Amino acid sequence: MFLEQRARALAVHVVLVAYSALALGPILLVVMNSFKARNAIFGSPLSPPDSSTFSLIGYAKVFRASHIFVYFENSLIVTIVSMGLVLLFGAMAAWALSEYRFRGSTALALFLSIGIMVPIRLGSVAILNMMRTAGLNDTLTALILVYIAQGLPMAIFILSEFIQQIPMDLRDAARCDGVPETRIFFEVIAPLLRPAIATVAVFTIVPIWNDLWFPLILTSSDSTHTITLGVQQFLGQYITDWNSVLAALSMAILPVVVIYVIFSRQLIAGLTSGAVK
Amino acid sequence: MSNLRVEHLGKSYGSANVLIDINLTVENGEFIVLVGPSGCGKSTLLRMIAGLDGVTTGDIYIGDRHVNGLAPAERKIAMVFQSYALYPHMDVRKNMTFGLKFTGVAPAERERRVNEAARMLRLEPLLGRYPRDLSGGQRQRVAIGRAIVREPDVFLFDEPLSNLDAALRVSTRVEIARLHRLLGATMVYVTHDQTEAMTLADRIVVMSEGRIEQIGKALDLYYAPANLFVAGFIGSPAMNFFPGAVEAVDGGTARIVGAGFEPLALPADGLDPGAKVTIGVRPEHLRIAGQGPFATSGAVELVERLGESSFAHVRRADDKMLVVEVRGRETPAITETVTFRAPLQDIHAFNASGQSIPIKGSSH
Amino acid sequence: MAEPVPQVVAQMPKAKLIGLLALFLGPAVVIYTAFSIYPLLATMQLSTFTGETGGGVHFVGLANFATLLTDSLWSQPFWNAFKNNMIFFAIHMAVQNPIGIALAGLLSLPGLKLKGFYRTVFFLPTMLSVVIVGFSWNLILSPLWGVAKGALTAVGLGSWFAPWLGLESTALATLALMSVWQFVGIPMMLIYAALLNIPDELVDAARVDGLGQLRIFLHIKLPLVLPTIGLVSVLTFVGNFNAFDLIYSVKGALAGPNFASDILGTFFYRTFFGNQLQLGNPTMGAAVATVMFFIILAGVCLYLFVVQRRMRRYTF
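What counts, and where the lines are drawn
- Residues numbered from 1 in each chain as written.
- Chains lettered and ligands numbered in written order.
- Predicted model: local features only at pLDDT ≥ 70, side-chain atom pairs only at ≥ 80, totals over all residues.
- Helix = DSSP H or I, 4+ residues; strand = E, 2+ residues; numbered from the N terminus.
- Buried ≥ 20, exposed ≤ 12 C-beta atoms within 10 Å, placed from the backbone.
- Contact = placed C-beta atoms within 7 Å.
- Nonpolar A, V, L, I, M, F, W, Y, C, P; charged D, E, K, R; others polar.
- Pairing = 2+ DSSP bridges.
- Axes fitted to C-alpha atoms, helices over the stretch in contact; angles between N-to-C directions.
- Core = buried A, V, L, I, M, F, W, Y, C linked by C-beta atoms within 7 Å.
- Left-handed = near helix turned anticlockwise from the far one by under 90°.

(A) Looking closely at the overall build of chain C. Scanning chain C from terminus to terminus reveals 15 helices and two strands. Principal-axis analysis of the C-alpha atoms gives chain C an extent of 80 × 80 × 30 Å. Counting the 316 residues in chain C, one finds 43% classified as buried. Pairs at least 24 apart in sequence give 68% of the contacts found in chain C among residues at least 6 apart.

Now the structure itself:
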């Protein structure tokens, strides 16, 4: 019986390890080969770089030929600002919807939640026209505004769930204490929404960082490209230059992986706590 | 400090009446306890006084100011919540002073009040700590401190001891009583525990199903309950009730008979033959070798021994259970059939609608 | 907590309440309406116009839709894209979700060691951008590099290898599987979270009753997470019919070979922005977008009114 249990546990691990190899394999392959000289990439693709095959030629090319740091900076600005404003506006809206209810409150909540299902991309035609008219074409601001609109519905939904968890005695105590309404939100309610940040982040940051569509449509000049778009165009341009291609891919992969590994616990806790409706 | 007046107060949620015609006057400096079972409306009444729940009908006056339309912050009240409601991300000092900033109290004055309250509640070493680092009893004291610094006209307590363990409950109860003597403040206190009510209150308001059943001093309620509900609610273990009816009336005495007791000659007026009467006697007033006109007997089924007193659970002739307090080491044996008697002054009688029937020659 | 509106709010002077609502709801509602709802409505409106040479537009009612659905110049690529999108979706439903469920089931087994490690690893591909995924797999599957070929040869399946991405018959399926590889983490995580919610006592009771782990999973855990599976399905549907990034980054706007991997997203992009073969056509593009919106709406409504209503949601 015990042996059977052991065998079963082993089988489970075999399956999981196999899938892990499938999940990690391609990534490791790309990163590994980005550090090798060209003939080593083709000659022995599965072996890691050693002293004879190690080469940074691809990376050098990437730095020279593209503005990868500009792209990275753009992505960072867009993602962080969008995330911050989604959190702020979303929390304020979620609070108002749950606290300052009025006759149209439920209708408004429903209106805002439509965005979770309806893909914002379909309105791109009009968005582009709006941006052109407003003179925001080819700016990071345009991207930020679009991403905020995209991220708000889900954020409001998640934050509403978290607000339900806050004991309302605190709000009553603050009111008895004479605290003004706006201060109640910013100084009593908002600090207690800190656990929600992880959940909102998972659903907001990743789609924004990895988005190809809106940078493609809304940004035309190289200096406003995000890293996803920048890498994609670089790849298209240097498609036969395997060193550079692998290096560019690795440079796009590594920051994400590093951040992910560092914050994986919070990220996954955020996903599992907020996702179950 | 000031008084509190509640006049013809009613509260309904749709068709559900939660409070019905509540009338109450609390004098300046009085400690009033609202007590009753869950759902009786005591917390709702408290929250309406605070301004956290709205008034459906009636009026509330704090210090002769009509406060119905005023927000909680404008009523000069302070509330201590059952869950303490301390701001988790602020330390104790900040918790206590947070509200004061917005009521225009100068920093120097805020400091003075916090230090004064901290001294009163022995919170001085805790001022820099956060709520998560405090025990339940400490948190409760901070919550009380937060109320004190507001220097309100009325203090409101919403079941503040319910979340504490038994021992802590007793010591905090004493603290609150001491605080009341120290501050001389008007306090309205809600609890479901009649022991807290009896020990803390100047006057007790017994509530049931949205109505006030009786208002009075603790001992008045104990010795002279106005109706069945109050009689059964105050006193632990609860009063024993014996259903019966008037067999005959002879002059000023009614002969009451019932399955659970021997026929009783009750000196009372206004009773008609056939009228339903419930006799009530407290467990502590029945004696094994006792004197008195009231007698009941039965077989002892269980004895709970608590030390100096024990409680015998007896199955009566009408198959209901009787609880009797027995003092001393000699307790009745199980299955022993025993007769218990009670004197006239310890007998209570209630009519068909549950109202107390005055007994001649007795204080109630 | 307070089911009716809190008294303090109910008693607040109207002006103050309106001010608070404007402050708290204003920014979110304005940005959302301006950049999410309005563009969608404007696009739908645009779809009822057609462009003139010279730059203006005039109203043509539903003519664009008729053209799109029936005029062979437009309808042939449209229905091709639609068909491909359905296949794309079917592959996801058949592969991504069962694998996600299975992995979630394995991860939720009591006493599993290295749970955190596996969770982190399995979710990693989802974090990567589609560009990375597309290109990396493109390289790996490329006959030039030979990695995939070599790997298959090593397990004796060398004859299976073909330049799948380049063949009309297999390009779409290959791309779908690449997408599955990337996104399996999402159903996995959502179902894993739902499985965590099942009280341990239920599982313990089943074990005392003598059920093995597989039976417990199939008969107890799975039925209890059906609502989440339903949610995952509708999210997959919305995501697939919105998909664009992967196909574009691997195959470009033309979604070759010979439009074999063209789905609605790429069709929309091409129609609106044009490419080397055709001029951009905003009004037709708007029509395509409108049709896509209604397809997605139909799927969501199907889910909300048919599936969700039938499904019983158990609370613990």
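(B) A look at the interface of chain B and chain A. Each partner contributes to the interface: chain B provides 17 residues, whereas chain A provides 15 residues. Looking at which element gives the most residues to the side of chain B that touches chain A, the answer is strand β6 (residues 77-80) of chain B, with three residues. Considered class by class, the residues forming the side of chain B that touches chain A number 13 nonpolar, four polar and no charged.

(C) Representation of the sheet that holds strand β3 (residues 31-35) of chain B. Residue and element names in this part refer to chain B. As summarised here, the arrangement of the six strands in space is β6-β7-β8-β3-β9-β10, forming an open sheet in which the pairing is mixed. Each edge of the sheet is formed by a strand with only one pairing partner; in this case those strands are β6 and β10 (211-216). The mean angle between the axes of side-by-side strands here comes to 20°, regardless of whether they run parallel or antiparallel. Relative to strand β7 (residues 154-158), β6 runs parallel, the two being bridged by four bridges. Its bridge partner lying in β7, Val 80 is registered against Phe 157.

(D) Here's a closer look at the sheet that holds strand β11 (residues 240-250) of chain B. All names here are of chain B. Strand order in this open sheet of five strands is β13-β12-β11-β14-β19, and the pairing throughout is antiparallel. The sheet terminates laterally at β13 (261-267) and β19 (348-350), the two strands that pair on one side only. Across the sheet, the axes of successive neighbouring strands diverge by a mean angle of 35°, strand direction being ignored. Sheet analysis places strand β12 (residues 253-258) next to β13, joined by five bridges and oriented antiparallel. When the sheet's bridge partners are listed, Arg 255 is paired in β13 with Ala 265.

(E) Seen up close, the nonpolar core. Counting residues in hydrophobic clusters, the biggest one holds 268 residues, and the most contacted among them are A:Leu152, B:Leu156 and B:Val188. Element by element, the count of residues in this core is highest for helix α7 (residues 140-165) of chain A, at 17 residues. Among residues more than four places away in sequence, those in contact with B:Val188 are B:Leu4, B:Val26, B:Ile32, B:Leu34, B:Leu46, B:Ile49, B:Val154 and B:Leu156.

(F) The arrangement of the interface of chain C and chain A in detail. Contact with chain C, which involves 71 residues of that partner, is made by 67 residues of chain A. A per-class count over the side of chain C that touches chain A returns 58 nonpolar, eleven polar and two charged.

(G) Region of the structure containing the environment of B:Ala238. Locating B:Ala238 in the fold gives a position in the loop between α8 (228-233) and β11. Expressed as a C-alpha distance, the spacing of B:Ala238 and B:Val18, which sit 220 residues apart in the sequence, is 26 Å.

(H) How the structure looks around the packing of helix α4 (residues 68-99) of chain A against helix α10 (residues 194-209) of chain A. All names here are of chain A. In contact at an axis separation of 10 Å, α4 and α10 are set at 140° when each is read in the N-to-C sense. The hand of the α4/α10 crossing is right-handed. In this structure, α4 contributes Ser 75, Val 78, Thr 79, Ser 82, Met 83, Val 86 and Leu 87 to the contact, and α10 contributes Ile 197, Val 200, Ala 201, Thr 204, Ile 205, Ile 208 and Trp 209. Class assignment for the residues of the contact of α4 with α10 results in ten nonpolar, four polar and no charged.

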